[in-house]
Amino acid sequence: MSGLKTNNRVIKWFDHRLPVFSYVNEHLVDYPAPRNLNYMWNFGSLAGIALVIMIATGLLLAMQYTPHVDHAFDSVERIMRDVNFGWLIRYIHMNGASFFFIVVYLHMFRGLYYGSYKAPREILWGLGVIILLLMMGTAFMGYVLPWGQMSYWGATVITNLFSAIPLVGDSIVSWLWGGFSVDNPTLNRFFGLHYLLPFVIAAVVFLHLWALHRFGSNNPLGIDAKGPQDKIPFHPYYTVKDMFGLGIFLILFALFIFYAPNYMGHPDNYIEADPLVTPAHIVPEWYFLPFYAMLRAITFDISIPFTGIVLIDAKLGGVLTMFGSILLLFFLPWLDSSPVRSSRFRPLHKQFFWVLVVACLVLGYVGAKPPEQPWVTIGQIATAYYFAHFLIILPLLGRLERPKPLPASISDPVLKSDGSGASQAKPMEKA
Amino acid sequence: MKKLALSITAAIGLLLSAGAATAAEGVEIPERDWSFQGFFGTYDRGALQRGFQVYDQVCSSCHSLRFVAFRNLSDLGYDDAEIRAIASKYSVEDGPDENGEMFMRDAEASDKFPPPFANEEAARAANGGAYPPDLSLMAKARPAGPDYIYALLTGYTEAPEDVELMSGMYYNEYFSGHQIAMAPPLSNGIVEYADGTEPTVSQMSADISEFLMWAAEPKLEDRKQMGVKVILFLLVFTGLVYAAKRKLWAKLH
């Protein structure tokens with residue numbers, strides 16, 4: 001690192017006392033990044049931008065929104081009709097949640113494909129899973145705020161999940177509600193938490209970046225940089241590449257905001273919450289559908305054979321399965337036993353990765369369907385596969401799979417793309 | 001670029017899987033062409049005014065429109081004097097006056113459309129137990145929105161022989177469960193259109209659907225016009241950044 005170069009005496013004076021300029025220079029300008037990152041590496045910065053967009057629009061909405069069961073729905077309609085550009089800010093915020101999840105899910109699948117969670121990046125990955133959990137909590141509570149039918153009944157269904165906890169479940173649910181049903185105290189605390197959690201996310205994002213910059217980004221080859229020839233400064237190379245990715249992202253985002261703003265929403269949420277009328281199908285937002293499918297996949301009690309003693313009833317089983325599907329991700333770095341990171345050199349893992357992607361898409365599709373056959377069985381198979389992928393297939397693959405030879409360095413195949421790089425590749429050694 | 005295309009495809013795949021949620025429910029609603037569809041869609045002012053006439057003369061006797069104010073009717077092409085005249089036909093409760101009494105007065109442009117019934121109980125009592133829902137957001141609160149409203153209003157038929165109608169119910173092809181408490185509200189000629197258009201049930205249904213779409217989404221025209229500018233800007237911006245990216249990275253390859 002050559003450090004901050006400037007002739008500006010004020011900046012020098014300031015930086016000597018509080019080195020923010022050096023810090024920015026070190027992490028966003030000179031920061032050495034692998035030279036071979038592909039477009040799948042755009043989604044991290046896009047997720048950061050999505051977070052900023054959500055906080056900015058959310059702040060503006062909070063200035064006009066009223067968190068009260070009698071006024072919440074009306075205040076949102078007032079934002080849509082009478083507040084200057086209120087419709088724009090709200091549609092950005094509404095669709096921003098979906099786009100935030102799209103980029104984060106792609107970011108995670110990128111990590112899965114290229115083994116970005118492996119040593120020494122386990123903490124980086126774990127922080128990412130924490131961010132996902134926080135995002136899910138924030139999105140769920142945000143969806144309750146407009147106080148439409150789906151808001152209300154979604155909140156009722158999801159908070160009721162905690163009643164599956166043995167002995168103390170019902171007490172926990174009353175405690176979460178602040179009463180005996182989803183009501184004004186629930187809406188108030190959800191508003192408070194919906195405002196708080198994004199800043200907690202921002203703090204964890206900071207830790208995520210800190211952990212990232214400890215060893216630098218993984219790359220499509222999954223091998224460590226051997227020297228300066230393997231790296232390029234973040235600015236201008238990745239700033240311009242991220243900017244291009246941002247342009248594509250914003251075009252797609254704008255298409256939804258301006259031309260299909262309610263496509264990803266549910267019509268029932270334009271009906272004000274009514275505790276006496278239950279919607280025909282209570283469906284969560286699309287980004288929760290795979291998890292919703294897993295929740296509903298457990299339709300059977302788990303009991304001790306031949307005794308009829310129920311250990312885990314279907315409801316608790318579903319809740320454990322749903323939360324387990326995410327908690328499992330914390331253990332991924334140790335479940336995947338292969339020392340090779342990138343699926344480019346893991347012919348079997350590459351195929352199982354795509355099966356996992358299909359299983360997740362199937363779960364999402366099943367989650368949108370009513371709990372009837374054949375969807376129940378399909379959801380159960382996909383759920384079983386999801387868990388098997390992480391708990392059985394990944395630990396076995398590391399032992400059974402014969403990885404392809406790894407290239408000697410990052411700059412080798414990049415600079416000699418005529419294929420001569422491959423001739424220098426030597427067989428993979430146990431890391 | 002291949003990877004980018006792949007990720008976009010994946011994103012769209014996710015979206016479509018979500019969209020299936022609403023598409024699979026109930027009877028297939030026939031799609032209609034609306035002037036407000038597409039990138040450059042705008043409301044047809046004539047249809048909006050006719051649709052408002054239908055609301056004013058038919059629907060408003062049972063259905064409220066609580067998020068719409070009389071002043072909003074300027075979107076339909078009415079001028080201030082016309083809006084004042086329309087408002088003055090409705091009366092709203094105001095007060096308390098200096099004696100502490102509530103009183104009724106003619107509505108003004110700044111008032112919202114007053115509800116036809118004092119409360120839900122009064123509405124049910126007057127409608128055989130059924131509650132006529134508020135119409136302000138109806139075009140966004142049902143799958144297929146305006147298509148659904150048109151289908152419902154034109155979907156009254158004789159009940160098939162194997163269906164036994166409950167008392168006070170009417171058979172409708174497109175209503176969930178097919179039995180609806182609302183009597184067929186429209187009949188040919190029930191409204192006399194100011195612009196001389198022939199008031200067939202189909203014409204009135206299309207007009208009220210367009211009006212209700214406006215009531216639910218009054219900023220649609222602003223939104224679409226801004227969208228064109230934003231997307232054109234973003235296309236140019238992204239193109240320039242891509243060119244810059246190519247030029248900068250050329251040194252590396």
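What counts as what
- Residues numbered from 1 in each chain as written.
- Chains lettered and ligands numbered in written order.
- Predicted model: local features only at pLDDT ≥ 70, side-chain atom pairs only at ≥ 80, totals over all residues.
- Heavy atoms only, no water.
- Helix = DSSP H or I, 4+ residues; strand = E, 2+ residues; numbered from the N terminus.
- Buried < 20%, exposed > 50% of the residue type's maximum accessible area, 1.4 Å probe, protein only.
- Contact = heavy atoms within 4.5 Å.
- Areas by Shrake-Rupley, 256 points an atom, 1.4 Å probe, with all protein chains shown as cover.
- Rg over C-alpha atoms; globule rule 2.2 N^0.38 Å.
- Lys, Arg positive; Asp, Glu negative; His and termini not counted.
- Charge placed at Lys NZ, Arg CZ, Asp CG, Glu CD.
- pLDDT = per-residue confidence, 0-100.
- Polar contact = N/O pair within 3.5 Å; in protein donor to acceptor, adjacent residues only side chain to side chain.
- Salt bridge = Lys/Arg side-chain N within 4 Å of Asp/Glu carboxyl O.
- Patch = residues over 30% accessible without salt bridge, like charges linked within 9 Å, V, L, I, M, F, W, Y side chains within 5 Å.

All right, on to the overall build of chain B then. A tally of helices and strands in chain B yields 8 helices and 4 strands. Its helices and strands in sequence order give chain B the pattern α-α-α-β-β-α-α-α-β-β-α-α, from N to C terminus. In chain B, which comprises 253 residues, the share counted as buried stands at 42%. Counting contacts in chain B only where the partners sit at least 6 residues apart, residues at least 24 apart contribute 61% of the total. Working note: accessible area of chain B is about 13500 Å², and carbon and sulfur atoms make up 55% of it.

Before going further, it helps to examine the overall build of chain A. On a plain count of helices and strands, chain A comes out with 17 helices and 4 strands. A compact globule built from 431 residues would reach a C-alpha radius of gyration of about 22 Å, and chain A, at 24 Å, matches this within 12%. With respect to the three principal axes, the spread of C-alpha positions in chain A is 70 × 70 × 40 Å. The 431 residues of chain A split such that 53% are buried. Per element, the accessible surface of chain A, about 19900 Å² overall, is 70% carbon and sulfur. Here chain A holds 29 positive side-chain charges and 25 negative ones, and the gap between their average locations is 14 Å.

Bringing unusual backbone geometry into the picture now. Going from Gln-373 of chain A to Pro-374 of chain A, the amide bond is cis rather than trans, its omega being 0°. Locating Pro-374 of chain A in the fold gives a position in the loop between α14 (347–367) and α15 (375–400). Each neighbour pair has its own omega, and for Gly-95 of chain B with Pro-96 of chain B the value is 5°, a cis peptide bond. When you line up the elements, Pro-96 of chain B lands in the loop between β1 (91–94) and β2 (103–106). Look at Trp-147 of chain A: it is not a glycine, yet its phi comes out positive at around 60°. Under the relative-accessibility criterion, Trp-147 of chain A is labelled buried at 5%. We note that His-178 of chain B has phi near 70°; this positive angle belongs to a residue other than glycine. For His-178 of chain B, a relative accessible area of 26% corresponds to the partly exposed category.

Right, let's get into the confidence of the model for chain A. The share of residues in chain A with pLDDT of 70 or more is 95%, and the mean pLDDT across the chain is 92. Note that pLDDT drops below 50 for residues 418–431 of chain A; the model gives that stretch 18 contacts with residues more than four away or on any other chain.

Let us look at the side chain of Thr-57 of chain A. All names here are of chain A. Following the sequence through the fold, Thr-57 ends up in helix α3 (residues 43–62). For Thr-57, the side chain forms a polar contact with the side chain of His-93, separated by 2.9 Å. The contacts of Thr-57, once residues within four sequence positions are left out, are Ile-89, Ile-92 and His-93.

Now for the pattern of salt bridges. Considering all chains together, one arrives at 17 salt bridges over all chains under this definition. We note a salt bridge from Glu-401 of chain A to Arg-346 of chain A, for which the minimum N-O separation is 2.8 Å. With Glu-401 of chain A in the loop between α15 and α16 (411–415) and Arg-346 of chain A in the loop between α13 (332–335) and α14, this pair connects stretches of sequence that are 55 residues apart. Between Arg-105 of chain B and Asp-111 of chain B there is a salt bridge; the shortest N-O distance is 2.9 Å. Sharing partners across several salt bridges, the network here consists of Lys-118, Asp-336, Arg-346 and Glu-401 of chain A.

What follows is about a nonpolar patch on the surface. Residues and elements named next belong to chain A. Together, Leu-4, Trp-13, Phe-14, Leu-18, Val-20 and Phe-21 give the surface a local cluster of nonpolar side chains, amounting to about 530 Å² of exposed area. Elements that contribute at least two residues to the nonpolar patch include exactly α1 (9–17) and α2 (20–29). Note on placement: Trp-13 falls in helix α1.

Residue placement: Glu-77 of chain A occurs in helix α4 (residues 72–81). Not counting residues within four places of it along the chain, the set of residues in contact with Glu-77 of chain A comprises Tyr-270 of chain A together with Phe-67 and Leu-137 of chain B.

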